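Here's the letter readout for the chains.
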Amino acid sequence: MKKVFLLTIALLGAATTFAQTISYGFKAGVNFSEISASVQNITATSKSLTGFHVGGIVDFGFKSFSIQPGILYTTKGGSSSDVTADGGTGANASKITLNYLEIPINFLYHAPTRKGSVFIGGGPYVGVGLSGSAPLVDENGQPTGQKQSVHFGSTADDIGNPDIGINLLGGYQFTNKMFLSAGYGFGLANLSNEIIARIHNQGLSFSIGYFFK
C-alpha cells in the first residue's frame, strides 16, 4: 500500500509539471451498488442499493488525454432480506450501507465534437471505509426500527478495509464545462476476513459535474 501511495504522488507531481491544462471541479450523482459474495462453490449477488456520491476532481490535460484524480464521499453496499443479523433475535438485515472516502485516478481519452467532447477511460480507486449500517426487519419483512452497526477492521465480524478496485468511465463534456458521465466500479479487494469467503463491492454510477477552470 505504501508503494501505491508513493507512486500516486509521483504520478500526480509529474502531471502537475507537464500538464497543458489543469481544471478543478466537482461531481455528484447516484450509485446503484451491489455486493457479490462467494463461499466455497456458492456464489451470490445482492440486490441493488441506491446511494450517492459527491466530491471534488482535478483534470490534468494532455492534448487528447487527461489524468483525473478525485476525492469523493460515496456509499456502497447491497439490498437483501436473507442476511441473518448477529444476536440471534430472528431479525434479518434488509440492506447494508457502507460509507467510503474514495480516491479514484482515471485516465481518459477525449474525442472532440462540435459542442464539446466525448471521453472514455478508467483507472484504479482506493476507498477507505468510514462507517456502515444495516437496518433490521422481522421474519415477516417488516421494519423493526433497529439498526445494526457495521464496522471496518480485521476481525471475522468486520468488513475488510480499504476497498481497492477498478473504475470504467465514459461521458460527455460540454463547451460550458458541465459534464455528464456514467461509470462501473468493481472491487478487487476481498472485504471478508474469513478465509473461506470472498466479498466484493460493485455497481453503476451516474454523475453530473462542472469544471470551474
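Shown above is the structure to which this text applies.
Residues numbered from 1 in each chain as written. Predicted model: local features only at pLDDT ≥ 70, side-chain atom pairs only at ≥ 80, totals over all residues. Heavy atoms only, no water.

Engineer: Break down empty space enclosed by the protein for me, with residues and values.
Structural biologist: Tallied over the entire structure, the rule returns 2 cavities of 30 Å³ or more. Approximately 370 Å³ is the volume found for the largest cavity. Along its surface, the largest cavity is lined by 29 residues, and Asn31, Glu102, Asn167, Gly185 and Ser205 are the ones closest to its centre. Mapped onto the lining of the largest cavity, the elements with two or more residues apiece are strand 1 (21-39), strand 3 (49-62), strand 4 (65-84), strand 5 (92-113), strand 8 (163-174), strand 9 (178-187) and strand 10 (197-211). At 7 residues, strand 4 tops the list of elements feeding residues into the lining of the largest cavity. Of the residues assigned to the lining of the largest cavity, the class counts are 10 nonpolar, 16 polar and 3 charged. In this structure, the second largest cavity occupies an estimated 30 Å³ of space. For the second largest cavity, the full set of lining residues is Gln68, Leu108, His110, Phe119, Gln173, Phe179 and Phe211. Considering only residue class, the lining of the second largest cavity consists of 4 nonpolar, 3 polar and no charged. (1 Å grid on protein atoms, 1.4 Å probe; cavity = no way out; pocket = protein on both sides within 12 Å on 5 of 7 lines; lining within 4 Å. Points joined across faces, edges and corners; volume = space filled by probe spheres on them. Helix = DSSP H or I, 4+ residues; strand = E, 2+ residues; numbered from the N terminus. Nonpolar A, V, L, I, M, F, W, Y, C, P; charged D, E, K, R; others polar.)

Engineer: Explain the layout of surface pockets to me, and be specific about the residues and the numbers.
Structural biologist: The space that makes up the second largest pocket amounts to roughly 380 Å³. What lines the second largest pocket is a set of 20 residues, among which Thr21, Asp59, His110, Ser117 and Gln173 lie closest to the centre. Listed by contribution, the elements that provide at least two residues to the lining of the second largest pocket are strand 1, strand 3, strand 4, strand 5, strand 6 (116-137) and strand 8. Examining the composition of the lining of the second largest pocket, we find that 3 residues originate from one element, strand 3, more than from any other. Its residues assigned to classes, the lining of the second largest pocket comprises 5 nonpolar, 11 polar and 4 charged.

Engineer: Residue-level account of a nonpolar patch on the surface, with values.
Structural biologist: A cluster of nonpolar side chains, namely Phe52, Val54, Ile71, Tyr73, Leu101, Ile103, Val128 and Leu130, defines an oily patch on the protein surface of about 630 Å² accessible area. Where the nonpolar patch is concerned, the elements lending two or more residues are strand 3, strand 4, strand 5 and strand 6. Here phenylalanine 52 shows up in strand 3. Given a relative accessible area of 40%, phenylalanine 52 falls into the partly exposed group. (Patch = residues over 30% accessible without salt bridge, like charges linked within 9 Å, V, L, I, M, F, W, Y side chains within 5 Å. Areas by Shrake-Rupley, 256 points an atom, 1.4 Å probe, with all protein chains shown as cover. Salt bridge = Lys/Arg side-chain N within 4 Å of Asp/Glu carboxyl O. Buried < 20%, exposed > 50% of the residue type's maximum accessible area, 1.4 Å probe, protein only.)

Engineer: Summarise unusual backbone geometry; cite the residues concerned and give the values.
Structural biologist: Between asparagine 161 and the following residue, proline 162, the backbone shows a cis peptide bond with an omega angle of 5 degrees. Positionally, proline 162 belongs in the loop between strand 7 (143-150) and strand 8. Positive phi values are uncommon outside glycine, yet glutamine 40 reaches one of about 55 degrees. Relative to the helices and strands, glutamine 40 resides in the loop between strand 1 and strand 2 (42-45). The backbone of lysine 177 sits at a positive phi, close to 80 degrees, despite the residue not being glycine. Residue placement: lysine 177 occurs in the loop between strand 8 and strand 9. Classification of lysine 177 as partly exposed rests on a relative accessible area of 32%.

Engineer: Can you tell me about the pattern of salt bridges, naming the residues and giving the values?
Structural biologist: Pairing between side chains of opposite charge can happen when their charged atoms approach one another. Inspection of the entire model under this criterion finds 2 salt bridges. Of the charged contacts in the structure, one is a salt bridge between glutamate 102 and lysine 76, with a shortest N-O distance of 2.8 Å. Residue glutamate 102 is located in strand 5, and its partner lysine 76 is located in strand 4; the two are separated by 26 residues in the primary sequence. Accessibility assignment for this pair places glutamate 102 and lysine 76 in one class, buried. Its salt-bridge partner being aspartate 163, residue lysine 76 comes within 3.2 Å of it at the nearest N-O pair. With lysine 76 in strand 4 and aspartate 163 in strand 8, this residue pair connects regions lying 87 residues apart in the sequence. Comparing lysine 76 with aspartate 163, the two get one shared label, buried.

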